[in-house]
Amino acid sequence: MVRGTPARHANDQRLRHPLKKHWTLDDIPWGTFDRSKVDPDLLKLVKAAAMVEKNGLDYAAYLGRVFPDDAAFRQVAERWASEEVQHGNALGRWAMLADPTFDFDLAFGRFREGYRLPLDATQSVRGSRAGELVARCVVEVGTSSYYTSLADAADEPVLKEICRNIAADEMRHYSLFYTYLNRYLETEGLPRWQRLRVALSRMAESEDDELAYAYYAANGEGEPYNRKRCTRAYAARAYRYYRAPVIERGIAMTLKATGFKPNGWLARTLSKAAAYFMAYRQKRLIEAA
Ligand SMILES: [Fe+2]
Ligand SMILES: [Fe+2]
């Protein structure tokens, strides 16, 4: 693996400050909150999402260890992480408004106690830095799809606004990592089948511990952690909100990051497979419940 830093491009300056004029918690119209429109299932998902988002600084620390000699990228990654933390704070504040018994800090402390990223890693867990950036693209397009779906599903106006803001941020984050991915591909190279393997394995991780434990830390009532049960509880609520156009756009952008055609046969096959998987899983989980 070539460890050199990719050559600087003319738009480096823009990339170092791509997050200017970012919205703040003060821009959210908290006064329009309407308790009668809070959906209890969405509330559970929002609480869990707040945990994962607020943990963004750990991701920046991990990325700092994977890209130690790329100061420009590390700077961008730190600003990116601060936006992720803000996502967590916005969702957490809304959750406390919707459920005054919810203690965001306490729940986040529980999450941190039970779930930690590989902060001692000195190389990407994806095998290469280009692979790491493919995985980051997958996560960002996945979260953008998720918050777009939650915004569409939410009736409560404040939650709708927060989710729209976050979905737009996640799309911008995708573009950010995609730009750096292309730079690293110039120096490291990574065949598109290997990029596809990274993308698919990262997509499959959506049912790993992170979300399940976040769901547990945010919604548990003192019972012991059971990954299977928490994954089911999370997935049964989350998968129902995805609509076909959102899934298709998510698959297209994922394939773009792997070097495959975003609208070819593979895109159509994967979109159908993803829609089928989510509908099947949700049906089975409801039957099981
Ligand atoms: Fe986020
Ligand atoms: Fe993001």
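Parameters and conventions
Residues numbered from 1 in each chain as written. Chains lettered and ligands numbered in written order. Predicted model: local features only at pLDDT ≥ 70, side-chain atom pairs only at ≥ 80, totals over all residues. Heavy atoms only, no water. Helix = DSSP H or I, 4+ residues; strand = E, 2+ residues; numbered from the N terminus. Rg over C-alpha atoms; globule rule 2.2 N^0.38 Å. Buried < 20%, exposed > 50% of the residue type's maximum accessible area, 1.4 Å probe, protein only. Contact = heavy atoms within 4.5 Å. Areas by Shrake-Rupley, 256 points an atom, 1.4 Å probe, with all protein chains shown as cover. Lys, Arg positive; Asp, Glu negative; His and termini not counted. Charge placed at Lys NZ, Arg CZ, Asp CG, Glu CD. Salt bridge = Lys/Arg side-chain N within 4 Å of Asp/Glu carboxyl O. Donors = N, O, S within 2.8 Å, 3.2 Å for Na, K, Ca; no water. Axes fitted to C-alpha atoms, helices over the stretch in contact; angles between N-to-C directions. Left-handed = near helix turned anticlockwise from the far one by under 90°. Nonpolar A, V, L, I, M, F, W, Y, C, P; charged D, E, K, R; others polar. 1 Å grid on protein atoms, 1.4 Å probe; cavity = no way out; pocket = protein on both sides within 12 Å on 5 of 7 lines; lining within 4 Å. Points joined across faces, edges and corners; volume = space filled by probe spheres on them. pLDDT = per-residue confidence, 0-100.

Asks: What's the story with the overall build of the chain in this structure? I'm lost.
Replies: From N to C terminus, the chain includes twelve helices and zero strands. Traced from its N-terminal end to its C-terminal end, the chain shows the element sequence α-α-α-α-α-α-α-α-α-α-α-α. The C-alpha radius of gyration computed for the chain amounts to 19 Å, which stays within 12% of the reference 19 Å derived for 289 residues, consistent with globular compactness. C-alpha atoms of the chain, sized along the principal axes, occupy 55 × 40 × 35 Å. The buried share of the chain, reckoned over its 289 residues, is 54%. Within the chain, contacts between residues separated by at least 24 positions form 83% of all contacts whose residues are at least 6 apart in sequence. When the accessible surface of the chain is summed, it comes to about 13700 Å², and 53% of that surface belongs to carbon and sulfur atoms. Treating the 44 positive side-chain charges of the chain as one cloud and the 37 negative ones as another, the clouds have centres 5 Å apart.

Asks: Mind showing me how you'd approach the side chain of Arg195 here?
Replies: By secondary structure assignment, the location of Arg195 is in helix 8 (residues 192-204). Buried and without a salt bridge, Arg195 has Glu188 as its closest oppositely charged side chain, separated by 9.6 Å.

Asks: Would you mind going over the coordination of the iron ion (ligand 1) with me for this structure?
Replies: A four-donor tetrahedral metal ideally has 109.5 degree angles, and a six-donor octahedral metal ideally has angles of 90 or 180 degrees. Here the iron ion (ligand 1) is held by Glu53 (OE), Glu53 (OE), Glu84 (OE), His87 (ND1) and Glu170 (OE), and the distances to it run 1.9 to 2.7 Å. Sequence positions of the residues that donate to the iron ion (ligand 1) give the spacing E-x30-E-x2-H-x82-E. Judged by relative accessible area, Glu84 falls into the buried class, the value being 7%. Take Glu170: its relative accessible area is 1%, and that puts it in the buried class.

Asks: Any chance you could explain the packing of helix 10 (residues 227-238) against helix 12 (residues 265-288) here in plain terms?
Replies: When two helices pack together, their arrangement is given by the angle between the helix axes and by the axis-to-axis distance. Contact geometry for helix 10 and helix 12: axes closest at 9 Å, N-to-C directions at 120°. Relative to helix 12, the crossing made by helix 10 is left-handed. In this structure, helix 10 uses Thr231, Arg232, Ala235 and Ala236 to contact helix 12, whose residues at the interface are Arg281, Gln282 and Leu285. Its residues placed into classes, the contact of helix 10 with helix 12 shows three nonpolar, two polar and two charged.

Asks: I tried to follow the pattern of salt bridges on my own but got confused; where do I start?
Replies: Pairing between side chains of opposite charge can happen when the charged atoms of each approach one another. Counted according to the given criterion, the structure contains twelve salt bridges. One salt bridge connects Asp99 with Lys47, and the closest N-O pair in it is separated by 2.7 Å. Of the two residues, Asp99 is situated in the loop between helix 4 (71-98) and helix 5 (104-114) and Lys47 in helix 2 (residues 40-54); the sequence distance between them amounts to 52 residues. Assigned by exposure class, Asp99 and Lys47 land together as buried. The shortest N-O distance in the salt bridge between Glu188 and Arg129 comes to 3.6 Å. Taken together, the residues span a long stretch of sequence, with Glu188 in the loop between helix 7 (157-187) and helix 8 and Arg129 in helix 6 (residues 129-153) at a distance of 59 residues. Ionic contacts of the salt-bridge type, sharing partners, join the residues Asp41, Arg237 and Arg240 into one network.

Asks: What am I meant to see in empty space enclosed by the protein here?
Replies: Empty pockets left among the atoms are what a rolling probe the size of a water molecule brings to light. On inspection of all chains with the given rule, the structure shows two cavities of 30 Å³ or more. Of the voids in this model, the second largest cavity is the one considered here, and its volume is about 30 Å³. Along the walls of the second largest cavity sit Lys37, Val38, Asp39, Leu42, Trp94, Ala154, Asp155, Glu156 and Leu159, which together make up its complete lining. Partitioning the lining of the second largest cavity into residue classes produces five nonpolar, no polar and four charged.

Asks: Got a minute to help me understand the confidence of the model for the chain in this structure?
Replies: Note that predicted coordinates carrying low pLDDT should not be read in detail. With 93% of its residues at a pLDDT of at least 70, the chain reaches an overall mean of 89. Confidence, read as mean pLDDT per element, is least for helix 1 (residues 12-16) in the chain (46) and greatest for helix 2 (97). Throughout residues 1-16 the model reports pLDDT below 50, and contacts reaching past four residues in sequence, or to other chains, amount to 39 contacts.

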